[in-house]
Each structure stands twice: as C-alpha cells, then as structure tokens.
Amino acid sequence: MAGTASSGGGFRAGAGDEAGNDVDGLAHEGAARATSGATATTDGGDTGDGGTGSGTPGSVVPDDGPIDPRLLPDTAVIGPDGSLSIGGVDLLELADTFGTPLFVYDEEHLRARCRQAVAAWGDGVAYATKAFLCRAMARLAYEEGMCLDVSTGGELHVALAAAVPAERLVLHGNNKSEAELARALEVGVGRIVVDSFDELDRLERLTAAGGGAGGTRRQPVLIRVTPGVEAHTHEFVRTGQEDSKFGFGLASGAAAEAVRRVQAMPGVVLTGIHAHIGSQVFRVESFAQAVEVLAPFFVPLGLGELVVGGGLGVAYVAGERAPSLAEWAQTVRAACRRSGIPGDTRVLAEPGRAITAAAAVTLYRVGTVKELPGLRTYVAVDGGMSDNPRPVLYGSGYEAFLPRAVAAPRPRAVRVVGKHCESGDVVVADARVPADLAVGDVLATPVTGAYGYAMASNYNKVPRPAVVFVAGGRARVVVRRETLEDLLHLDA
Ligand code: PLP
C-alpha cells in the first residue's frame, strides 16, 4: 500500500542511541525511507536506534497515499465511515473518553507477539521491559509465557508488584547497586546477567553472607560479553574493539577471567553467556554472525544457555520491512548449528521493541495549524517530546494519520510538533496528512508502543498521558493520566 514519501528533504533518519536503553556503543544505520533526498545515514552515536531503520533503499512510494495498514496494530479495522477502531473500540471515542495525548495498546497484538516469541525461542525467552512497562504489561507478558528482563531495581519492583514470580525474572544492568543485587537475591530472580568485576565483588560479598533466597540457593548467573562486533541496521561489522560500558570483552580476555571468577564463587552457578549486539537491527544475519564470533568462546565452556540479547528491528514508516520473531530465531538457530553449538543448548533472546512497538498508537489533539507560505506548515499537538522523545533524541521517523479518515489520501506535507518550549520538539518531521486537517482533529502516530511512554518525562510540567489497553470492544486504563496534583507530589 502507499506510503509517505517526504516531499521536501529534511527527513531525518538514523541517529543516536536509544538512550538509557542499553545499546552497547554501536552505531546504526538509519534511513531508507523513500524520501526525496533522504539517504541512509549512520548515526554517530551508540547503537540504539535510527528509528527509520531499513526499508527498501531507493524504492519510490507515492507521496499522498493513506497510511500503510501494516503500520497499524493487528486488530485495526477501518469502519464504513472511514474511521479507525482498534480492539473493537473507535479511536475518536477513546480520545473523547480518556483525553489526549493517549497511548492506545492493542492487547491482542501484544499477546500475539508474546506467543510468537515463545513459539520461536521456547521457554525462557524474555520480554525486555525497558521498552514499555507497567503492571498490566508485566502481567500480560508473564501470562503469555515470557520471562521478563528487568534492567534496574525499579523495573524489578514493577514486575514483582505485578506478581510475576521472581524465578521468571532476569536482572540486567551495567551498574547494579548493592541494594538492587541484594533484592534480586532475596526474592530469588531466575537469572542475573553479570556485567562487571565490581558487580562480581558485590555478588561475592552478598552471597557469602547468605544473600540468596533462603540462604542456601546458588544464584544462577550469565556473563555478559562484548563480542567486539557491531550490528548496524543493514550490516554487521567485526571491529574487534570493545569500547563499551557493557559487559566483559572477549578479545581482552576479560570474559574468560569473569568465567573463572564466577566458577570459583560458591554462592552462584554459571548457566550461560549473554551478548547484545544492538537495537533496531533489521538484518537477522547480524545475529548469526555474532553467534559465529561467540561460538569459539562459548562451546568449550560446556554451558547450557546462550542469550543473543534483544534488538530485532521494527518498521516505523512505509517502505520498511522488519523480519519476524520466527525468522530471527530460525536464523540464529541455524548459525548455532553451523558454529558447533550443541543442539541441547537453550538459545534464547530478549526482545522489547518487537513485542510492543507496533501494538500502540498515540492519539493527540491538534491545537494550532501555522502556515508559513513557501516554508512549511506546523501542526502543533498537545504532547510532544515528553511522550515520545525518540524523534528528538535520534531523529527517528514516524508517520501520522487522522483516525477519522484513515483511508483518505494525505496530500498535505506538514511538520507535526509538540507543545514544549523547544524548537526541536518534533513529533513527525515530515508528515503527510489529509488536506482538510483542522484544529480540533485527533491526529495519531502509529508504532509508538516502545520507548515512548517508557522514556516519557514531565518536561515543562506536562502531565504524562494515560495508557489504555483495548480488546474485545472494551478499553481499560492501565496507567492513569497524571494530574496537576501529581506534579507537586515529590516536592518536599
Ligand atoms: N536486552 C538488552 C541487554 C538490551 O540492552 C536491550 C535494549 O537496549 C534489549 C534487550 C531490548 O532491545 P529491543 O527493545 O531493541 O529489542
């Protein structure tokens, strides 16, 4: 279906790191939306996420077609009047009932992706909660058979508050505090992925003091290694360099030293090796190549688990195509076979974005339309960088559409901006919208389910939006909208 090529250059693709989103200092290629003049760019920063990852470089998509339905959640349906419903609920009704901005998650879509992940990888595959977490999301992922990857004490707390059993949790983090480790040991998390020698010192102290659940349990751990490879959106680069804040370097011998240390610690048991090569990765062959790099280290250890991290890319704009969870797993498995990794090894992954990104749309209300003849048109909505910082942080590309007219052509080129006191507060840099877009319209951006609400802020004291899950014709609020009173809550 038609996409949304940008008419006037300036579409920003590629760019930096999914900050706070541990992406291992790897660069990414973005780009390839079929825009006039927009070419693939390589971000100068860490892996993260160009947002506009792959696509078909050079493909031409019409400028003014409607939104590509493949960017919408699974249960999205266009009604006879041209308006969109998700989970059997009309989006305009949702905006009226719950206000805007509003994150709307298709619960069936979320559940389907979790089930697909389990079917692809088997028991032990974890949902990376950094992509989007609240109690309902934690519960949903657990109910659908996933483990949960938590990378801070805060994420651990939310998962436990959702009554996810501790043994289904995997604790990550490059700087886990003593308190975080102590809690993880006390509750008995399923795995701790150790990241540094200082962490090993802390673990040693805590487990020597009988820190494990019940005092006798040996805590299962994995060692996170830095394989010295970069997974770009389109390619895999073996750099041999280990310039990363994460994990133990392979080439330097740090990883081997970490193995020796862990094996000598009575309070822990080494179950496997972990590596995460990047984020928003479109070429699953990159993961296969990482496996080939890891195998000579992994196989002689005789361990039972190999975790290839997260990072599977998703399509944000028309023209992009992301591999499925099944394709990802099959490619990694084939690489394991080729590399001599024993067939009974539990080969696992921890997707975040691929589970939640496409499940959600954000609804905004248009507040102003500013036409600058010969320059551009600014359409300002009632949210912005506080509910989706990815365009500002990484230059990530999104699309926009009007839920009242989903199948309508979008001939008008506009820039959708937020309400924050920053010129850079861009929601969609090069959006195409129907000609009759007007103040008061509800405008939606699709594929906002990952690293949107998760990275939301109160900048300019804008209360954070509500989050609703929709399914079977019903909407339930899973995170309520912040109130003005909430903004005063932490003031001492
Ligand atoms: N696992 C680790 C160790 C990560 O650092 C990340 C993200 O940065 C993920 C999993 C999830 O990545 P994604 O949401 O891109 O799948």
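Everything below is about the structure shown above.
Read on for a plain summary of the structure. Predicted model, so just to flag it, every value in this text is computed and none were measured.

Okay, the sheet that holds strand S3 (residues 89-90) next. If you walk across this open sheet you meet the 3 strands as S1-S2-S3, and the pairing is antiparallel. Two strands in the sheet have a free side with no partner beyond their single neighbour: strand S1 (77-78) and S3. As paired elements, strand S2 (residues 84-86) and S3 share 2 bridges and run antiparallel to each other. Bridge pairing in S3 places serine 85 opposite aspartate 90.

With that out of the way, let us pick up the environment of leucine 303. Considering the arrangement of structural elements, one finds leucine 303 in the loop between helix H8 (285-298) and strand S14 (305-307). Residues leucine 303 and glycine 272 lie 31 residues apart in sequence; the distance between their C-alpha atoms is 5.4 Å. Excluding residues that lie within four positions of it along the chain, leucine 303 makes contacts with Leu270, Thr271, Gly272, Ile273 and Phe298.

The subject of this paragraph is the nonpolar core. Ranked by size, the top nonpolar core spans 134 residues in total, and within it Trp121, Met137, Ile192, Ile223, Leu363, Leu443 and Phe469 carry the most contacts. With 9 residues, the single largest contributor to this core is H8. Leaving out residues up to four positions away in the same chain, isoleucine 223 has contacts with Val194, Phe248, Ala258, Val259, Val262, Leu270, Gly272, Ile273 and His274.

Let us now look at the packing of aromatic side chains. One pass over the full model with this rule turns up 9 aromatic pairs. Between tryptophan 121 and tryptophan 328, the ring centres sit 5.0 Å apart and the planes meet at 80 degrees, which makes this aromatic pair edge-to-face. With a gap of 207 residues between them, tryptophan 121 in helix H2 (residues 107-121) and tryptophan 328 in helix H9 (residues 325-338) connect regions that are remote in the sequence. Owing to a relative accessible area of 0%, tryptophan 328 belongs among the buried residues under this scheme. With a centroid separation of 5.4 Å and 80 degrees between ring planes, the pair formed by tyrosine 316 and tyrosine 398 is classed as edge-to-face. Taken together, the positions of tyrosine 316 in the loop between S14 and H9 and tyrosine 398 in the loop between helix H11 (390-394) and strand S18 (412-417) put the pair 82 residues apart, joining distant regions of the chain. This pair shows no difference in class: tyrosine 316 is buried, exactly as tyrosine 398 is. Connected via pairs of aromatic rings, a cluster forms that spans Phe103, Tyr105, Phe132, Tyr453 and Phe469.

Going residue by residue along strand S8 (residues 191-194), you find Arg191 and Val193 tucked away on one face and Ile192 and Val194 tucked away on the opposite face as well. Where strand S7 (residues 169-171) and S8 come together, 2 bridges link them in parallel fashion. By the bridge assignment, leucine 171 is partnered in S8 with isoleucine 192. With respect to chirality, the unit in which S7 leads through helix H5 (residues 178-187) into the neighbouring parallel S8 is right-handed. The pairing of S8 with strand S9 (residues 219-226) spans 3 bridges and is parallel. Considered in S9, the bridge of valine 193 is made with leucine 222.

Before going further, it helps to spend a moment on the pattern of salt bridges. Scanning the entire structure with this criterion turns up 26 salt bridges. For arginine 260, the salt bridge identified is with glutamate 257, shortest N-O distance 3.0 Å. Linking arginine 260 with glutamate 257, this pair stays in helix H7 (residues 254-263), spanning 3 residues, or about one helical turn. Through salt bridges with shared partners, one network takes in Glu107, Arg111, Arg115, Arg139, Glu143, Glu144 and Arg476.

Taken together, the buried positions of H7 are occupied by Ala254, Ala255, Ala258, Val259, Arg261 and Val262. Taken end-on, H7 shows its buried residues confined to a sector of 165 degrees, consistent with a single buried face. In this structure, the buried residues of H7 make contact with helix H6 (197-208), S9, strand S12 (248-249), strand S13 (268-274) and H8.

Let's shift gears to unusual backbone geometry. In this structure, proline 101 follows threonine 100 across a cis peptide bond, with omega equal to -10 degrees. Relative to the helices and strands, proline 101 resides in the loop between helix H1 (91-98) and strand S4 (102-106). Even without glycine at this site, valine 447 takes up a positive phi of about 60 degrees. Examined against the element boundaries, valine 447 turns out to sit in the loop between strand S20 (442-446) and strand S21 (466-471). The phi dihedral of asparagine 460 falls on the positive side, at around 65 degrees, and the residue is not glycine. Residue position: asparagine 460 is located in the loop between S20 and S21. Note on asparagine 460: relative accessible area 32%, which makes it partly exposed.

Working note: a packed helix pair is described by the angle between its axes plus the distance between those axes. In contact at an axis separation of 10 Å, H5 and H6 are set at 50 degrees when each is read in the N-to-C sense. Comparing their axes, H6 and H5 come out oblique. Seen from above, H5 lies across H6 with right-handed handedness. Only Glu199, Arg202, Leu203, Arg205, Leu206 and Thr207 of H6 make contact with H5, whose side of the interface consists of Glu178, Leu181, Ala182 and Leu185.

Here the focus is the pairing of strand S22 (residues 474-479). Bridge count for S21 against S22 is 5 bridges, and the pairing is antiparallel. For valine 468, the partnering residue across the bridge sits in S22 and is valine 477.

Rules of the game
- Residues numbered from 1 in each chain as written.
- Predicted model: local features only at pLDDT ≥ 70, side-chain atom pairs only at ≥ 80, totals over all residues.
- Heavy atoms only, no water.
- Pairing = 2+ DSSP bridges.
- Helix = DSSP H or I, 4+ residues; strand = E, 2+ residues; numbered from the N terminus.
- Contact = heavy atoms within 4.5 Å.
- Core = buried A, V, L, I, M, F, W, Y, C linked by side-chain atoms within 4.5 Å.
- Buried < 20%, exposed > 50% of the residue type's maximum accessible area, 1.4 Å probe, protein only.
- Phe/Tyr/Trp six-rings, centres within 6.5 Å; stacked < 30°, edge-to-face > 60°.
- Right-handed = clockwise from strand over helix to strand, strands pointing away.
- Salt bridge = Lys/Arg side-chain N within 4 Å of Asp/Glu carboxyl O.
- Arc of directions from axis to C-beta.
- Axes fitted to C-alpha atoms, helices over the stretch in contact; angles between N-to-C directions.
- Parallel < 35°, antiparallel > 145°, perpendicular 65-115°, else oblique.
- Left-handed = near helix turned anticlockwise from the far one by under 90°.

Just distances and angles here, no functional claims.
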